[in-house]
Amino acid sequence: QVQFVESGGGLVQPGGSLRLSCAASGIMFNIYAMAWYRQAPGKQRELVAGISRGGLATYGDSVEGRFTISRDNAKNTVYLQMNSLKPEDTAVYYCNAGRTPYSDNYPTNYWGQGTQVTVSS
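Residues numbered from 1 in each chain as written. Predicted model: local features only at pLDDT ≥ 70, side-chain atom pairs only at ≥ 80, totals over all residues. Heavy atoms only, no water.

A. The arrangement of the pairing of strand β4 (residues 34-39) in detail. Most of β4 is tucked away: five of the six residues are buried. Bridging between β4 and strand β5 (residues 46-51) involves five bridges; their strand directions are antiparallel. Residue pairing across strands places W36 opposite A49, the latter belonging to β5. With six bridges connecting them, β4 and strand β9 (residues 91-97) associate as antiparallel partners. When the bridges of β9 are listed, W36 appears paired with C95. (Buried < 20%, exposed > 50% of the residue type's maximum accessible area, 1.4 Å probe, protein only. Helix = DSSP H or I, 4+ residues; strand = E, 2+ residues; numbered from the N terminus. Pairing = 2+ DSSP bridges.)

B. Focus on the sheet that holds strand β3 (residues 18-25). The four strands are arranged β1-β3-β8-β7 in an open sheet whose pairing can be described as antiparallel. Strand pairing shows two members of the sheet lacking a second neighbour, β1 (3-7) and β7 (67-72), which therefore form its edges. Neighbour-to-neighbour, the strand axes of the sheet open up by a mean angle of 15°, direction not taken into account. One ladder, built from six bridges, connects β3 with strand β8 (residues 77-82); its direction is antiparallel. Among the inter-strand pairings, L18 is bridged to a residue of β8, identified as M82. (Axes fitted to C-alpha atoms, helices over the stretch in contact; angles between N-to-C directions.)

C. Representation of the side chain of N96 within the structure. Within the secondary structure layout, N96 lies in strand β9. Residue N96 is classed as buried on the basis of its relative accessible area, which comes to 0%. If near-sequence neighbours (up to four positions away) are discounted, N96 is found in contact with F4, A33, M34, A35, Y37, P107, T108, Y110 and W111. (Contact = heavy atoms within 4.5 Å.)

D. Structural context of the sheet that holds strand β2 (residues 10-12). Taken in spatial order, the six strands of this open sheet run β2-β10-β9-β4-β5-β6, and their pairing is mixed. Both edges of this open sheet fall to β2 and β6 (57-59), since each of them pairs with a single strand only. Taken pair by pair, the neighbouring strands of this sheet meet at an average axis angle of 25°, ignoring direction. In the sheet, β5 pairs with β6 via three bridges, with the strands oriented antiparallel. Following the sheet pairing, A49 is matched in β6 by Y59.

Here you go:
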């Protein structure tokens, strides 16, 4: 059974930083691309960042230069370092994986509970 467990969210002031973590289970983590998504109230879920099994990262335009995605294959965990946070980054953040190994064709049909990030003064 595929599971994603996100953590690390919280309340932070504009300009602050947070580091999100996502522990994945039920997949052979080291051969799957991983991704972070977010969903703000009243908006559709959007892809924030993705990382290949080899560590090649891609980012959405709104977070490029501020967020960094990384992975630790030994811990089956993907991270999202978020710097220079803005109020518009407020959302529930989710991780997910490619639907098939070696491919960035995310997301799967499995979603965790997400972790809430609120950027406010």
